Amino acid sequence: SLMVGLAGLASDVQTLDQLLRFRMNLYELREEREMTPKVFTNLLSTMLYEKRFGPYFCEPVIAGLDENGKPFLSTMDLIGAQAAAKDFVVAGTCDGNLYGMCETLYKPDMEEEELFETIAQALLASVDRDALSGWGGVVHVIT
């Protein structure tokens, strides 16, 4: 129950994706358990900080459920400075637009359908106002 979204330069996103898959598999082989979202966030933060003088141009968003089934949300900048939140996190070139839309549309304790619709509307409204963001997105609701 862990998802990571990587917003940024495509080549850096692909490189970081491959490194993360390798490190997660290595962790699972050594520890004989799955990585929790908090451990994954710390791993990714460390990996980004190691490259601080020539950073990966990626802003990751981590979402998942911890050991107790509670939601975990976190994001970080290019050098791994973490920013955890209880309600929502945003990243990418249109993060200002996304943040404003999420502040407007988000309410605590939303049902799955309502949350899906809110995220989809925030994404659509934000990427339409930013030429660098691409044309759409994929919404995953973790239960």
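Please read all numbers here as calculations on a predicted model, not as lab measurements. Every chain is numbered independently, its residues counted from 1 as its sequence is written. A pLDDT threshold of at least 70 governs which residues receive local features in this predicted model, and a stricter bar of 80 or more applies before side-chain atom pairs are shown or counted, although totals over entire chains, interfaces and linings include all residues. With hydrogens and water stripped out, all remaining heavy atoms of the structure feed into the side-chain values.

Engineer: Could you give me a rundown of the packing of aromatic side chains, with the residues and numbers involved?
Structural biologist: Only Phe, Tyr and Trp rings take part, Trp by its six-membered ring, and two of them pair if their centres are within 6.5 Å. Stacked means planes under 30 degrees apart, edge-to-face means over 60, and tilted covers everything else. By the definition in use, this model includes two aromatic pairs. The structure contains a cluster of three or more aromatic residues connected by ring pairs, namely Phe 88, Tyr 99 and Tyr 106. We count a charge as sitting over a ring when the NZ of a lysine or the CZ of an arginine lies within 6 Å of the ring centre and within 35 degrees of the ring normal. Above the face of the Tyr 49 ring, Arg 52 is positioned so that its terminal group lies 4.2 Å from the ring centre.

Engineer: Give me the lowdown on the packing of helix H3 (residues 95–105) against helix H4 (residues 112–127), citing residues and values where you can.
Structural biologist: Here, axes are lines fitted to C-alpha atoms. For helices the fit covers the stretch in contact, and angles between N-to-C directions go from 0 to 180 degrees. Put simply, DSSP marks the helices as runs of H or I at least four residues long and the strands as runs of E at least two long, and each gets a number from the N terminus on. Remark: H3 packs on H4, axes separated minimally by 9 Å, with the N-to-C direction vectors making an angle of 145°. With respect to the hand of their crossing, H3 and H4 are arranged in right-handed fashion. Here H3 contributes Asn 97, Leu 98, Met 101, Cys 102 and Leu 105 to the contact with H4, which in turn contributes Thr 118, Gln 121, Ala 122, Leu 123, Ala 125 and Ser 126. Across the contact of H3 with H4, the residue classes tally to seven nonpolar, four polar and no charged. Each crossing gets its hand from how the near helix is turned against the far one by less than a right angle, where anticlockwise is left-handed and clockwise is right-handed. Contacts are residue-level and defined by heavy atoms, with any inter-residue pair within 4.5 Å sufficient. Nonpolar residues are Ala, Val, Leu, Ile, Met, Phe, Trp, Tyr, Cys and Pro. Charged residues are Asp, Glu, Lys and Arg, and all others, Gly as well, are polar.

Engineer: Requested: an account of the nonpolar core, with residues and values cited.
Structural biologist: For this analysis, a nonpolar core means a set of buried residues of the types Ala, Val, Leu, Ile, Met, Phe, Trp, Tyr and Cys, connected via side-chain atoms within 4.5 Å. Buried residues are those whose accessible area, probed at 1.4 Å on protein chains only, stays under 20% of the maximum for their type, while exposed residues exceed 50% and partly exposed ones sit between those limits. Judged by nonpolar contacts, the single largest core of 15 residues is most densely connected at Leu 16, Leu 20, Phe 40, Leu 44, Leu 48 and Ile 62. Tallying contributions element by element places helix H2 (residues 37–50) first for this core, with five residues. Discounting residues that sit within four places of it in the chain, Leu 20 has contacts with Phe 40, Leu 44 and Met 47.

Engineer: Pulling in residues and values, what's your account of helix H1 (residues 10–31)?
Structural biologist: The end-to-end C-alpha separation of H1 is 31 Å, in line with the 32 Å expected for 22 residues at 1.5 Å each. Contacts from the buried residues of H1 go to strand E1 (2–8), H2 and strand E2 (58–65). Glu 32, located one to two residues past H1, shows a positive phi value of around 55°. Here, expected helix span is obtained from the residue count minus one, scaled by 1.5 Å.

Engineer: Report on the pairing of strand E3 (residues 71–76), specifying residues and quantitative values.
Structural biologist: One bridge is not enough; two strands pair if DSSP finds at least two bridges between them. Strand direction decides the pairing type here: E2 and E3, joined by five bridges, are antiparallel. Note that in E3 the partner of Val 61 across the bridge is Thr 75. The antiparallel hairpin formed by E2 and E3 contains five residues in its connecting segment, where Gly 69 sits at a positive phi of about 80°. Both E3 and strand E4 (residues 82–85) contribute to a ladder of four bridges, which runs antiparallel. Residue pairing across strands places Ser 74 opposite Ala 84, the latter belonging to E4. With antiparallel pairing between neighbouring strands as the criterion, E3 and E4 make up a hairpin whose turn holds five residues, including Gly 80 at a positive phi of roughly 90°.

Engineer: Can you lay out the sheet that holds E2 for me, pointing to particular residues and giving the numbers?
Structural biologist: The four strands are arranged E1-E2-E3-E4 in an open sheet whose pairing can be described as antiparallel. Strands at the two margins of the open sheet, each flanked by one partner only, are E1 and E4. When strand polarity is set aside, the average angle formed by the axes of neighbouring strands in this sheet is 20°. Of the strands in this sheet, E1 and E2 are in contact with H1, which crosses E1 at around 155°.

Engineer: For a negative patch on the surface, give the residues involved together with the corresponding values.
Structural biologist: On the surface, Asp 109, Glu 111, Glu 112, Glu 113 and Glu 117 cluster together to form a negatively charged patch. The topology assignment puts Glu 111 in the loop between H3 and H4. The patch calculation keeps residues exceeding 30% relative accessible area without a salt bridge and links them within 9 Å when they carry like charges or within 5 Å when they are nonpolar (Val, Leu, Ile, Met, Phe, Trp, Tyr). Accessible surface is estimated by sampling points in the Shrake-Rupley manner with a 1.4 Å probe; for residues, cover comes only from the protein chains shown. The working definition used for a salt bridge is a side-chain nitrogen of Lys or Arg within 4 Å of a carboxyl oxygen of Asp or Glu. By the counting rule applied here, Lys and Arg register as positive and Asp and Glu as negative, while His and the ends of each chain are not counted. We put the charge of a Lys on NZ, of an Arg on CZ, of an Asp on CG and of a Glu on CD.

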